[in-house]
Amino acid sequence: MGDLKDILPINKWFDELSSKPLIIAGPCSAESEKQVIETALEIASNNSANIFRSGVWKPRTRPGNFEGVGLKGLKWLQKVKEETGLLVTTEVATVEHIKMCLDHNIDILWVGARTTSNPFSVQELANACKGIDIPIMIKNPINPDTELWIGAIERFHSAGIKKLAAIHRGFYPFEQTKLRNLPKWEIPIELKSRFNNLPIICDPSHISGSTEFISEISQKAIDLNFDGLMIETHNNPMLALSDAKQQITPKELDNLLTNLVIRHYLEENGKLEMYRHQIDSIDTQMLELLSQRMDIISEIGKYKKKENITIFQLRRWENIIKTRTKTGQSLNLNKDFIIELLQLVHKESISKQNKILNK
Ligand code: PEP
Ligand code: MN
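Residues numbered from 1 in each chain as written. Chains lettered and ligands numbered in written order. Predicted model: local features only at pLDDT ≥ 70, side-chain atom pairs only at ≥ 80, totals over all residues. Heavy atoms only, no water.

A. Representation of the coordination of the manganese ion (ligand 2) within the structure. Only Cys28 (SG), His206 (NE2), Glu232 (OE) and Asp243 (OD) from the protein coordinate the manganese ion (ligand 2), and they sit 2.1 to 2.4 Å from it. Here the donor residues for the manganese ion (ligand 2) map to a single chain with the spacing C-x177-H-x25-E-x10-D. Of the two residues, Cys28 is situated in the loop between strand E1 (22–26) and helix H1 (33–45) and Asp243 in the loop between strand E8 (228–232) and helix H10 (250–259); the sequence distance between them amounts to 215 residues. (Donors = N, O, S within 2.8 Å, 3.2 Å for Na, K, Ca; no water. Helix = DSSP H or I, 4+ residues; strand = E, 2+ residues; numbered from the N terminus.)

B. Geometry of the domain arrangement of the chain. One can read the domain layout of the chain as domain 1 (10–265) and domain 2 (268–357). The C-alpha centroid of domain 2 is placed 39 Å from the C-alpha centroid of domain 1. On the side of domain 2, seven residues touch domain 1, which itself brings nine residues to the contact. Summing the contributions of domain 1 and of domain 2, the shared interface buries around 870 Å²; its carbon and sulfur component is 60%. On the surface where domain 1 and domain 2 come into contact, there are zero salt bridges. Inspection of the region where domain 1 meets domain 2 yields four residue pairs in polar contact (both at pLDDT 80 or more). Considering each element in turn, the side of domain 1 that touches domain 2 owes the most residues, three residues, to helix H7 (residues 186–194). (Domains from an automatic or database assignment. Contact = heavy atoms within 4.5 Å. Buried area = accessible area lost by both parts, 1.4 Å probe. Salt bridge = Lys/Arg side-chain N within 4 Å of Asp/Glu carboxyl O. Polar contact = N/O pair within 3.5 Å; in protein donor to acceptor, adjacent residues only side chain to side chain.)

C. Spatial organisation of the sheet that holds strand E7 (residues 200–202). Within the closed barrel, the eight strands sit side by side as E1-E2-E3-E4-E5-E6-E7-E8. Their pairing is parallel. Across the sheet, the axes of successive neighbouring strands diverge by a mean angle of 25°, strand direction being ignored. Of the pairings in the sheet, the one linking strand E4 (residues 108–111) to strand E5 (residues 136–139) comprises three bridges and is parallel in character. From the neighbouring strand, Val111 faces E5, where its bridge partner is Ile138. In the packing of helix H9 (residues 214–223) onto the sheet, contacts are made with E7 and E8, and the angle to E8 comes to roughly 165°. (Pairing = 2+ DSSP bridges. Axes fitted to C-alpha atoms, helices over the stretch in contact; angles between N-to-C directions.)

D. Highlighting the pattern of salt bridges. Taken as a whole, this structure holds 13 salt bridges when the rule is applied. With a shortest N-O distance of 3.1 Å, Arg180 and Asp243 are connected by a salt bridge. Of this pair, Arg180 sits in the loop between strand E6 (164–168) and H7 while Asp243 sits in the loop between E8 and H10, placing them 63 residues apart in sequence. The class for Arg180 is partly exposed, based on a relative accessible area of 31%. Measuring nitrogen to oxygen at the nearest pair gives 3.2 Å for the salt bridge that ties Lys192 to Asp227. One end of the pair, Lys192, is in helix H7; the other, Asp227, is in the loop between H9 and E8, and 35 residues separate them in sequence. Taking relative accessible area as the criterion, Lys192 reaches 17% and is therefore assigned buried. On the accessibility criterion, Asp227 (16% relative accessible area) is buried. Bridged by salt links that share partners, the residues Glu147, Glu190 and Arg194 form one connected network. (Buried < 20%, exposed > 50% of the residue type's maximum accessible area, 1.4 Å probe, protein only.)

E. Region of interest: a nonpolar patch on the surface. On the surface, a cluster of nonpolar side chains totalling about 390 Å² of accessible area is made up of Leu331, Leu333, Phe337 and Leu341. Mapped onto the secondary structure, Leu333 falls in the loop between helix H12 (314–330) and helix H13 (335–357). (Patch = residues over 30% accessible without salt bridge, like charges linked within 9 Å, V, L, I, M, F, W, Y side chains within 5 Å. Areas by Shrake-Rupley, 256 points an atom, 1.4 Å probe, with all protein chains shown as cover.)

F. Quick peek at the environment of Thr84. With respect to the helices and strands, Thr84 occurs in helix H2 (residues 71–84). Sequence spacing of Thr84 and Asp280 is 196 residues, and the spatial spacing of their C-alpha atoms is 41 Å. Within polar-contact distance, the side chain of Thr84 engages the backbone nitrogen of Leu86 at 3.0 Å.

G. Quick look at H10. Listing the buried residues of H10 in full gives Pro250, Leu253, Leu256 and Leu257. Buried residues of H10, seen end-on, are gathered within an arc of 115° and therefore sit on one face of the element. What points out from H10, more than 90 degrees from its buried face, is the exposed set Lys251, Thr258 and Asn259. Residues of H10 that are buried make contact with E1, H1, H9 and E8. (Arc of directions from axis to C-beta.)

H. Examining the packing of H1 against H2 more closely. Following both chains from N to C, one finds H1 and H2 inclined at 30°, their axes separated by 10 Å at the closest point. Considering the angle they form, H1 stands roughly parallel to H2. Between H1 and H2 lies a crossing of right-handed hand. Contact with H1, carried on its side by Glu33, Val36, Ile37, Ala40, Leu41 and Ala44, involves Trp76, Lys79, Val80, Glu83 and Thr84 of H2 and no other residues of that element. Each residue belonging to the contact of H1 with H2 can be placed in one class, and the counts come to seven nonpolar, one polar and three charged. (Parallel < 35°, antiparallel > 145°, perpendicular 65-115°, else oblique. Left-handed = near helix turned anticlockwise from the far one by under 90°. Nonpolar A, V, L, I, M, F, W, Y, C, P; charged D, E, K, R; others polar.)

Encoded structure:
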C-alpha cells in the first residue's frame, strides 16, 4: 500500500494554515444560525483558530436524539466563511453528504469515528472523492484498532487524496473511566512512527468527555508533537444539543491556548520522547491490569474463606508457571524473567488472600 510519503503537510493545504499547531474550533453541532455565527465571530476575534468546525449530520447512538440540522447548517458555515475568513469543516458519513459539502464550498471534510470503523462506508466515501482536491481528516475508529485506522487513511490515499490528516479522539473504554474515551497514546505514536509525514490532530474534547481534562490532554498532545488540536467550542455550552458537558466557550478556548506551552521539536529528543510516552502509556495499562487481577484475587479470597479452602493449590500454581512461560516465550520474553515476575505477583496474591482468610 506504500508508505504514504506523498501526503502533504497541513501548511500546504491552504495559505492560511502556515502556523503550527493548527487549531480547529467550533461547536459539536450547528444548532441555529445565531449560535454558529456568534461562536465563530468570537473565535475569530480572539484569533484562536484557523478552522471552524461544526457537525451538521450527527451520528447518535439511539434514534430520536438531535440528529443535526442538515443542509441548512452548510449555509451557516458558508456565512461563517464570508464573515470571519475562517476555513470551515464538517463531518461526512455518506456520498450524499460529500456532494452537498462540495456544493457549499466546505473547505475540509472529516470522517467520524463510527464511519472509520466500517471499511465499506470508508471505501464509498473515498470513491466519491476521486479527482477532487479537498483535504480529508480521518478520526480513529471507536475500537483501538490501528490497522483499521490506517486502512481508512489508505483508502482515501489510493483515491488520490494527498491532503490527509488523522484525528486522534480516543477509544471506547469498556470499564468506567474518568475519561470518555481512552487516549492510548501509543496508538497515534505508532501511526506517526510508521507514517512520518502524516499530520495528526488531537481531539481532546471527545477524549475528555467533560471540560475538566481538555487543557491537560491538549498539552500532552503538543508535548508529543501533534500537528494540531480540534476543540469543541460553543457560545453557550450549557444549552448545547449534543456533547454539552465537554464544550468550552470561546473565552475558555482563548485561555486554554494562552496557557498552552508550545515546545520545540528536536528530532533526536523528539524520538526519545515518543518512545517514553509509549512506555508511560503501556506501564499505566500494566498497572491497571494488575489492579484488576488483585480485585479478582480478593473475590477468590472471600470464596476460599467461605468454603474453607487452602490458599495455596499446588497444581494450579504449576499450571500457571507452565502456561505463562510458554506464552511469554512465544512473545520473546525471557523465561527466568517471566518466572520471577509471576513469583512476585503470586506472593502478593497470597498475602492478600491471607489477610482476607484471617481477618
Ligand atoms: C464530533 O466530532 O462531534 C463527533 C461526532 O466525533 P466522533 O466521531 O469522534 O465521535
Ligand atoms: Mn461532539
